[in-house]
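Take a look at the letters that make up each chain.
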Amino acid sequence: MEADVQENQAALEYEESIVWTEDVGGFDYVRQSVVHNAGTRRRPVPWTGTGRRVGYAVLRSDAPSGDVPGQFIRRVFWVKEHDRSEQPDGTYKTTAPAEAVDPRTVAPGVWGEQTDRAWGAATGI
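Residues numbered from 1 in each chain as written. Predicted model: local features only at pLDDT ≥ 70, side-chain atom pairs only at ≥ 80, totals over all residues. Heavy atoms only, no water.

Another point: the sheet that holds strand β2 (residues 30-38). Read from one edge to the other, the open sheet built from five strands follows the order β1-β3-β4-β2-β5, with strand pairing classed as antiparallel. Sheet topology places β1 (15-20) and β5 (100-101) at the edges, where each strand pairs with a single neighbour. Pairing analysis gives six bridges linking β2 to strand β4 (residues 72-79), with the strands arranged antiparallel. Note on β4: the bridge partner recorded for Val-35 is Arg-74. (Pairing = 2+ DSSP bridges. Helix = DSSP H or I, 4+ residues; strand = E, 2+ residues; numbered from the N terminus.)

Turning our attention to the side chain of Arg-84. Here Arg-84 shows up in the loop between β4 and β5. From its side chain, Arg-84 meets the backbone oxygen of Lys-93 in a polar contact 3.3 Å long. (Polar contact = N/O pair within 3.5 Å; in protein donor to acceptor, adjacent residues only side chain to side chain.)

This part is about the pairing of β4. Within β4, eight of the eight residues are buried, leaving the element largely enclosed by the surrounding structure. Residues of β4 alternate between two faces, with Phe-72, Arg-74, Val-76 and Trp-78 on one and Ile-73, Arg-75, Phe-77 and Val-79 on the opposite face, all of them buried. As paired elements, strand β3 (residues 52-59) and β4 share four bridges and run antiparallel to each other. The partner of Gly-55 across the bridge, within β4, is Phe-77. (Buried < 20%, exposed > 50% of the residue type's maximum accessible area, 1.4 Å probe, protein only.)

Let us now look at the pattern of salt bridges. Scanning the entire structure with this criterion turns up 11 salt bridges. Across the salt bridge formed by Arg-104 and Asp-102, the nearest N and O atoms sit 2.9 Å from each other. Here Arg-104 falls in the partly exposed class, since its relative accessible area comes to 42%. For Asp-102, a relative accessible area of 4% gives the class buried. (Salt bridge = Lys/Arg side-chain N within 4 Å of Asp/Glu carboxyl O.)

Looking at the chain as a whole, the pLDDT averages 88, with 89% of positions reaching at least 70. Mean pLDDT values for the elements of the chain range from 64 in helix α1 (residues 2-13) up to 97 in β1. (pLDDT = per-residue confidence, 0-100.)

This part takes up the nonpolar core. Generally speaking, nonpolar side chains in soluble globular proteins are found buried as a group. If you look at the biggest cluster of nonpolar residues, it comprises 10 residues: Ile-18, Val-24, Phe-27, Val-30, Val-54, Ala-57, Phe-77, Val-79, Val-101 and Val-106. Looking at this core, the elements that each hand over two or more residues are β3 and β4. (Core = buried A, V, L, I, M, F, W, Y, C linked by side-chain atoms within 4.5 Å.)

As for its placement among the helices and strands, Thr-115 is situated in the segment after β5. Residues Thr-115 and Asp-28 lie 87 residues apart in sequence; the distance between their C-alpha atoms is 9.0 Å. Beyond its immediate chain neighbours, meaning those up to four positions away, Thr-115 contacts Asp-102 and Thr-105. A polar contact is formed between the side chain of Thr-115 and the side chain of Asp-102, at a distance of 2.8 Å. (Contact = heavy atoms within 4.5 Å.)

The structure is reproduced here in structure tokens:
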């Protein structure tokens with residue numbers, strides 16, 4: 001686990017920007033994951049997991065490959081069909097999944113945070 005944390009921290013070091021592919025301004029949270037096999041530093045990160053990608057980190061041109069040449073470590077932001085943004089009165093009405101972060105706290109080189117808003121405290125419910 002410690003090695004994963006160090007590797008993920010190293011990935012943040014080379015982030016240049018965050019691209020939102022959807023307007024996340026109304027989202028209380030998005031899910032934040034690290035992809036270890038992105039075949040590009042800058043183009044959109046393909047998302048084959050469940051749910052849909054709503055954003056991704058773009059790396060600087062000098063970002064090194066991970067363990068495999070030509071494969072890069074990048075963050076991806078996504079939502080599932082039962083997340084609060086999709087079903088406001090659903091499973092996560094007043095809670096959030098473990099990987100949830102408030103998109104307002106996301107910045108290049110900075111881990112997103114689980115705020116009160118992400119946990120449902122500031123949704124006006």
